[in-house]
Amino acid sequence: MALWTDILFPRRCILCEQLLLPEEEGPVCGECSLEAYWITGHRCRICSRPVQEEGGICVSCLMHGHTVPGFSLLYYRGAVRSSIHRFKYEDQRSYATGYAKLITERVGFKGAGCFVPIPIHKKRFRERGYNQAQELSEALSARTDIPVIPILRRVRNTSAQNKLSAAARRENVKGAFDIDPSVLGDEGLPAGKVIVIDDLYTSGATIEEAAEVIKENFPEADVRFFTLAMRLPEKPLNSNSENEK
């Protein structure tokens, strides 16, 4: 069965797209390495952005009053950036399984009650055919048995965030989400942390807005986030910076 699966759906390296050899576990081939992409060292105790001292808070969280704690695994650059672009825009949904393997080998999700994917607008869903955050959530659920509960829906088709300033990002996503009441039964959210899942952490505006909507409807919810990658500023942040990711 595995042989036919490999023939019909050949496994490829998520970084270089080279076919994986039968003995290669993946999701990265023997010629590629993720060593340069792991985020290591001291991290902001809110967003997990690299900081100078253990237990510190980064300039971005201080400047913008971010409150939702969470974790990102990889730097968004180079081959990782290209990989996520293919995953997000080029129908490489199979990458989700490989990403989930990488993630669960390093992240335990202790105390998690459910995964909540960041939704995309129905117009973009029709164009793309899938939501990458939903795909990643489902792949993580398959490895952890933590349920996916897509309680968020995007009610406004926002502009692309990648060329906006931090202030414009916050304004862009304001009011973009609400709760889909058809998803939950009478039981409500399961016990444990509500982990908002997305592919990429940029300014944090999307995560903060999504968490605010969840907390408005479920005041007792302990909302956290997880993203596959984080884009860091090309220049150090300072009090006059508005263009950080």
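To start, this report covers the structure provided alongside it. (Residues numbered from 1 in each chain as written. Predicted model: local features only at pLDDT ≥ 70, side-chain atom pairs only at ≥ 80, totals over all residues. Heavy atoms only, no water.)

For E24, the position within the fold is in the loop between helix 1 (2-8) and helix 2 (59-64). Despite its burial, E24 pairs with no opposite charge; the closest candidate is R11, at 6.2 Å N-O. Non-local contacts of E24, meaning those with residues more than four positions away in its chain, are made with R11, L19, C29 and G30. (Helix = DSSP H or I, 4+ residues; strand = E, 2+ residues; numbered from the N terminus. Buried < 20%, exposed > 50% of the residue type's maximum accessible area, 1.4 Å probe, protein only. Lys, Arg positive; Asp, Glu negative; His and termini not counted. Salt bridge = Lys/Arg side-chain N within 4 Å of Asp/Glu carboxyl O. Contact = heavy atoms within 4.5 Å.)

Ranked by internal contacts, the top residues of the largest apolar core, which has 36 residues, are L34, L74, Y99, I103 and F109. Those elements that provide at least two residues to this core are strand 1 (70-75), helix 3 (78-89), helix 4 (95-104), strand 2 (112-117), helix 6 (132-144), strand 5 (193-201) and strand 6 (223-230). With 6 residues, helix 4 is the single largest residue contributor to this core. (Core = buried A, V, L, I, M, F, W, Y, C linked by side-chain atoms within 4.5 Å.)

Before going further, it helps to spend a moment on the pattern of salt bridges. One pass over the structure, following the stated rule, counts 8 salt bridges. A salt bridge links D91 to R93; the shortest N-O distance between them is 2.8 Å. For D91, a relative accessible area of 42% gives the class partly exposed. Its salt-bridge partner being R224, residue D222 comes within 2.9 Å of it at the nearest N-O pair. Owing to a relative accessible area of 31%, D222 belongs among the partly exposed residues under this scheme. Residue class for R224 comes out partly exposed when judged on its relative accessible area of 27%. A single network of salt bridges, built from pairs that share partners, joins R153, D178 and D180.

A word on the packing of helix 3 against helix 4. It is at 10 Å that the axes of helix 3 and helix 4 come closest, and there the two elements cross at 135°. Classed by the angle they form, the pair helix 3 and helix 4 counts as oblique. Across the interface between the two elements, S83, I84, R86 and F87 of helix 3 pack against Y95, A96 and Y99 of helix 4. Of the residues assigned to the contact of helix 3 with helix 4, the class counts are 5 nonpolar, 1 polar and 1 charged. (Axes fitted to C-alpha atoms, helices over the stretch in contact; angles between N-to-C directions. Parallel < 35°, antiparallel > 145°, perpendicular 65-115°, else oblique. Nonpolar A, V, L, I, M, F, W, Y, C, P; charged D, E, K, R; others polar.)

Looking now at unusual backbone geometry. Across the junction of G26 and P27, the peptide omega takes the value 5°, indicating a cis bond. Structurally, P27 is set in the loop between helix 1 and helix 2. Even without glycine at this site, F109 takes up a positive phi of about 55°. Relative to the assigned elements, F109 resides in the loop between helix 4 and strand 2. With relative accessibility at 11%, the residue F109 sits in the buried group.

With respect to the helices, strands and loops of the structure, I146 is situated in the loop between helix 6 and strand 3 (152-154). Judged by relative accessible area, I146 falls into the buried class, the value being 9%. It is 6.9 Å that separates the C-alpha atoms of I146 and F115, two residues lying 31 residues apart in sequence. Each residue touching I146, except ones within four places of it in the same chain, is listed here: F109, A112, G113, C114, F115 and S141.

Attention shifts here to the packing of aromatic side chains. The full count for this structure, using the stated rule, is 6 aromatic pairs. Geometrically, the ring pair formed by F109 and F115 is edge-to-face, given 5.2 Å between the ring centres and 80° between the ring planes. The class of F115 is buried, set by a relative accessible area of 0%. Look at Y201 and F225: their rings are 4.8 Å apart centre to centre, the planes differ by 25°, and that puts the pair in the stacked class. Remark: F225 occurs in strand 6 and Y201 occurs in strand 5; sequence separation between them is 24 residues. In textbook terms, an aromatic cluster arises when at least three aromatic residues are bridged by ring pairs, as seen for F71, F109, F115 and F226. Residue placement shows R77 over the ring face of Y75; its charged tip is 4.3 Å from the ring centre. (Phe/Tyr/Trp six-rings, centres within 6.5 Å; stacked < 30°, edge-to-face > 60°. Lys NZ or Arg CZ within 6 Å of the ring centre and 35° of its normal.)

This part covers the environment of F125. One can find F125 in helix 5 (residues 122-128). For F125, a relative accessible area of 41% translates into the label partly exposed. In contact with F125, other than residues within four places in its own chain, are I120, Y130 and N131.

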